[in-house]
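# What the coordinates show
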Amino acid sequence: MTTTDFDTSITVDADGAVSALVSSTSRQWAGAVDHRFVRELFAGSIDDAVMRDYLVQDYQFFESFLSMLGACVAHADELEAKLRFARQLGMLVADEDTYFVDSFAELGVDTADYLHPELTAPTVGFRNLMDSSVASASYPQLLVVLVVAEWLYLDWAESRKDMPPRHIHRGWIDLHRGEAFHGWVQFLVDELERVFPSGDAEAAESLTRVWRHAVDLECAFFDDVYGCGIAE
């Protein structure tokens, strides 16, 4: 059953743990899906300077994200899940990193500027959250952060049908939707539902705090490229 708090193609148990997590941040989630950045990206009207700053900051998550997937290979409790995470690692290297490098070339971003930029507060915050999740060696906590990061992007990437003409815009959207990405997000959601410690109130509350913090950081990341504290 699909949650009714907002439109999504991902299936969740309406009475399950993931549905409760989503409900706790439905307003922020919906705001991110309809953020100015998303609207301008689909319209193809986003300023190159905004796109550049966004991609430079987003690229700073790449290493930490790879570490999270590697940690899931190490700490997942079933072999099939370990294999799924290992396959995703290969996809990131083949597809996403290529998109970044090609986009930086199109936008005229020097290598040093995207490898060693000044980090914004949301970037530092989310990278710290990812790194602390790796250090926790907790499969459920790793899943919480991954589900927020991937599901939120799937939802905004599926929120509109008309596509922009430039590849730099269209390519970023395409990376976050389609059958393969949808299947990946559904896998993450199903895994989180399966291993969520619903019978341990303290552990469940701790993971709920991580979820809310991750959603807040995602929203702040969108806002920050426009230099504002709230979405326009």
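Attention here is on the structure that accompanies the text. (Residues numbered from 1 in each chain as written. Predicted model: local features only at pLDDT ≥ 70, side-chain atom pairs only at ≥ 80, totals over all residues. Heavy atoms only, no water.)

Turning to the overall build of the protein chain, a few remarks are in order. Along the backbone of the protein chain there are twelve helices and zero strands. In sequence order, the secondary structure elements of the protein chain are arranged as α-α-α-α-α-α-α-α-α-α-α-α. Relative to a compact globule of 232 residues, whose C-alpha radius of gyration would be 17 Å, the protein chain shows 17 Å and is just as compact. Principal axes of the C-alpha set define a box for the protein chain whose edges measure 50 × 35 × 30 Å. The 232 residues of the protein chain split such that 50% are buried. Counting only contacts in the protein chain whose residues sit at least 6 apart along the sequence, the fraction spanning at least 24 positions is 76%. Side chains of the protein chain give 16 positive and 40 negative charges; the mean places of these two sets differ by 3 Å. (Helix = DSSP H or I, 4+ residues; strand = E, 2+ residues; numbered from the N terminus. Rg over C-alpha atoms; globule rule 2.2 N^0.38 Å. Buried < 20%, exposed > 50% of the residue type's maximum accessible area, 1.4 Å probe, protein only. Contact = heavy atoms within 4.5 Å. Lys, Arg positive; Asp, Glu negative; His and termini not counted. Charge placed at Lys NZ, Arg CZ, Asp CG, Glu CD.)

Attention now goes to the environment of Val-73. Here Val-73 lies in helix 5 (residues 62-75). Separated by 14 residues in the primary sequence, Val-73 and Arg-87 have C-alpha atoms spaced 10.0 Å apart. If we ignore the near neighbours within four places in the chain, the residues touching Val-73 are Lys-82, Phe-85, Ala-86 and Leu-89.

Here the focus is the nonpolar core. One finds Phe-37, Leu-55, Phe-85, Trp-151, Trp-156, Trp-172 and Trp-211 to be the most contacted residues of the largest nonpolar core, which totals 80 residues. Residue contributions to this core peak at 15 residues, all from helix 9 (residues 139-157). Leaving out residues up to four positions away in the same chain, Trp-156 has contacts with Val-33, Val-38, Leu-41, Phe-42, Trp-172, Ile-173, His-176 and Phe-222. (Core = buried A, V, L, I, M, F, W, Y, C linked by side-chain atoms within 4.5 Å.)

Let's shift gears to the side chain of Gln-141. Assignment of secondary structure puts Gln-141 in helix 9. The contact partners of Gln-141, leaving out residues within four places of it in the chain, are Ser-132, Ser-133, Ser-136, Leu-207 and Val-210.

A few words on the packing of helix 9 against helix 11 (residues 179-195). Where helix 9 meets helix 11, the closest approach of the two axes is 9 Å, and the angle between their N-to-C directions is 145 degrees. Every pair of crossing elements has a handedness; the one defined by helix 9 and helix 11 is left-handed. Every residue of helix 11 that contacts helix 9 at Tyr-139, Pro-140, Leu-143, Val-144, Leu-146, Val-147, Glu-150, Trp-151 and Leu-154 is listed here: Phe-181, His-182, Trp-184, Val-185, Leu-188, Val-189, Glu-191, Leu-192, Arg-194 and Val-195. Grouping the amino acids of the contact of helix 9 with helix 11 by side-chain chemistry returns 15 nonpolar, one polar and three charged. (Axes fitted to C-alpha atoms, helices over the stretch in contact; angles between N-to-C directions. Left-handed = near helix turned anticlockwise from the far one by under 90°. Nonpolar A, V, L, I, M, F, W, Y, C, P; charged D, E, K, R; others polar.)

Further remarks concern helix 5. The first and last C-alpha atoms of helix 5 sit 20 Å apart over 14 residues, in line with the 20 Å expected at 1.5 Å per residue. The set of residues buried in helix 5 consists of Phe-62, Ser-64, Phe-65, Met-68, Leu-69, Ala-71 and Cys-72. (Expected span 1.5 Å × (residues − 1).)

The subject of this paragraph is the side chain of His-176. For His-176, the location among the structural elements is in the loop between helix 10 (167-174) and helix 11. Judged by relative accessible area, which is 4%, His-176 ranks as buried. A polar contact is formed between the side chain of His-176 and the backbone oxygen of Trp-172, at a distance of 2.8 Å. (Polar contact = N/O pair within 3.5 Å; in protein donor to acceptor, adjacent residues only side chain to side chain.)

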